[in-house]
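Architecture and fold: a report
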Amino acid sequence: MAVDRDTKKGPLLTVAELAPGARHAKFPHLFSPIRLGPITAKNRIVNSAHQPRFAHAGHYTEQLIAYHRERAQGGAAVIVSGATSVTPDYLDLKNVDGRIVDEYQQVMEAAMTAYTVFCSDASKMFA
Ligand SMILES: Cc1cc2nc3c(=O)[nH]c(=O)nc-3n(C[C@H](O)[C@H](O)[C@H](O)COP(=O)(O)O)c2cc1C
């Protein structure tokens, strides 16, 4: 289905336009796969890095994992995590103890239920 709309008058995409096989006039490639180095993303929809404030004490919570799962199941091909730091004095998720390894496993599995690529955004790599 091709749709052309003045985006200032309404949402960029409606639910109907997000249906499988839909084709938006302004973004004809939005739903086609794209190669990103060694992987192929199922479409061009990327959920960029942000902190929804669902992490707790530097760790993923069930709420944060569910948040990413819903975005994956909503259609995003690539999800970038919020800030993940290697020092305890920076933002959000902190790679400072082994517990986070299991949490990464859980969030990756949540994303993979929808064939979504999950990227961890390493921030403040050097103290
Ligand atoms: C580690 C990291 C964390 C970010 N956190 C936020 C955030 O909490 N809120 C936000 O609006 N943008 C955040 N951003 C920026 C967004 O990912 C995005 O680049 C920005 O909103 C601009 O989007 P646009 O280029 O589509 O306008 C973050 C970026 C990075 C790299």
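Above this note sits the structure.
Now for a look at the structure at hand. (Residues numbered from 1 in each chain as written. Predicted model: local features only at pLDDT ≥ 70, side-chain atom pairs only at ≥ 80, totals over all residues.)

1. Examining the environment of Cys 119
Looking at the element boundaries, Cys 119 is found in strand S6 (residues 117-123). For Cys 119, a count of 14 C-beta atoms within 10 Å puts it in the partly exposed group. Between the C-alpha atoms of Cys 119 and Ile 79, which are 40 residues apart in sequence, the distance is 6.1 Å. In this view, Cys 119 contacts Val 78, Val 80 and Ser 81; residues no more than four positions away in its chain are not counted. (Helix = DSSP H or I, 4+ residues; strand = E, 2+ residues; numbered from the N terminus. Buried ≥ 20, exposed ≤ 12 C-beta atoms within 10 Å, placed from the backbone. Contact = placed C-beta atoms within 7 Å.)

2. Details of helix H2 (residues 99-112)
Along its 14 residues, H2 runs 21 Å from first to last C-alpha, staying within 8% of the 20 Å computed at 1.5 Å per residue. Regarding H2, the residues found buried are Val 107, Ala 110 and Ala 111. Within H2, the buried residues cover an arc of 95 degrees as seen down the axis, which keeps them to one side. Exposed and facing more than 90 degrees away from the buried side of H2 are Val 101, Asp 102, Gln 105 and Glu 109. Of the surrounding elements, those touching the buried residues of H2 are helix H1 (62-73), strand S4 (78-85) and S6. (Expected span 1.5 Å × (residues − 1). Arc of directions from axis to C-beta.)

3. A look at the packing of H1 against H2
Orientation of H1 relative to H2, taken along the N-to-C sense of each, is 20 degrees, at an axis distance of 8 Å. Comparing their axes, H2 and H1 come out roughly parallel. As H1 packs across H2, the resulting crossing turns out to be right-handed. In this structure, H1 contributes Ile 65, His 68, Arg 69 and Ala 72 to the contact, and H2 contributes Gln 106, Val 107, Ala 110 and Ala 111. Its residues assigned to classes, the contact of H1 with H2 shows five nonpolar, two polar and one charged. (Axes fitted to C-alpha atoms, helices over the stretch in contact; angles between N-to-C directions. Parallel < 35°, antiparallel > 145°, perpendicular 65-115°, else oblique. Left-handed = near helix turned anticlockwise from the far one by under 90°. Nonpolar A, V, L, I, M, F, W, Y, C, P; charged D, E, K, R; others polar.)

4. Considering the pairing of S4
The buried fraction of S4 amounts to six of the eight residues, a majority that puts the element mostly inside the structure. Here strand S3 (residues 46-47) runs beside S4; their pairing, made up of two bridges, is parallel. Counted as the bridge partner of Val 46 is Val 78 from S4. Bridge analysis of S4 against S6 gives four bridges, and the strand direction is parallel. Of the residues in S6, the one forming a bridge with Ile 79 is Phe 118. Examined bridge by bridge, S4 and strand S5 (residues 93-94) share two bridges and lie parallel to one another. Paired with Ser 85 across the bridge in S5 is Lys 94. (Pairing = 2+ DSSP bridges.)

5. Examining the nonpolar core
Residues Tyr 60, Ala 72, Ala 76, Ile 79, Val 107 and Ala 111 are the most contacted members of the largest nonpolar core, which totals 13 residues. Broken down by secondary-structure element, the contributors of at least two residues to this core are H1, S4 and H2. Ranked by residue count, the leading element in this core is H2, at three residues. (Core = buried A, V, L, I, M, F, W, Y, C linked by C-beta atoms within 7 Å.)

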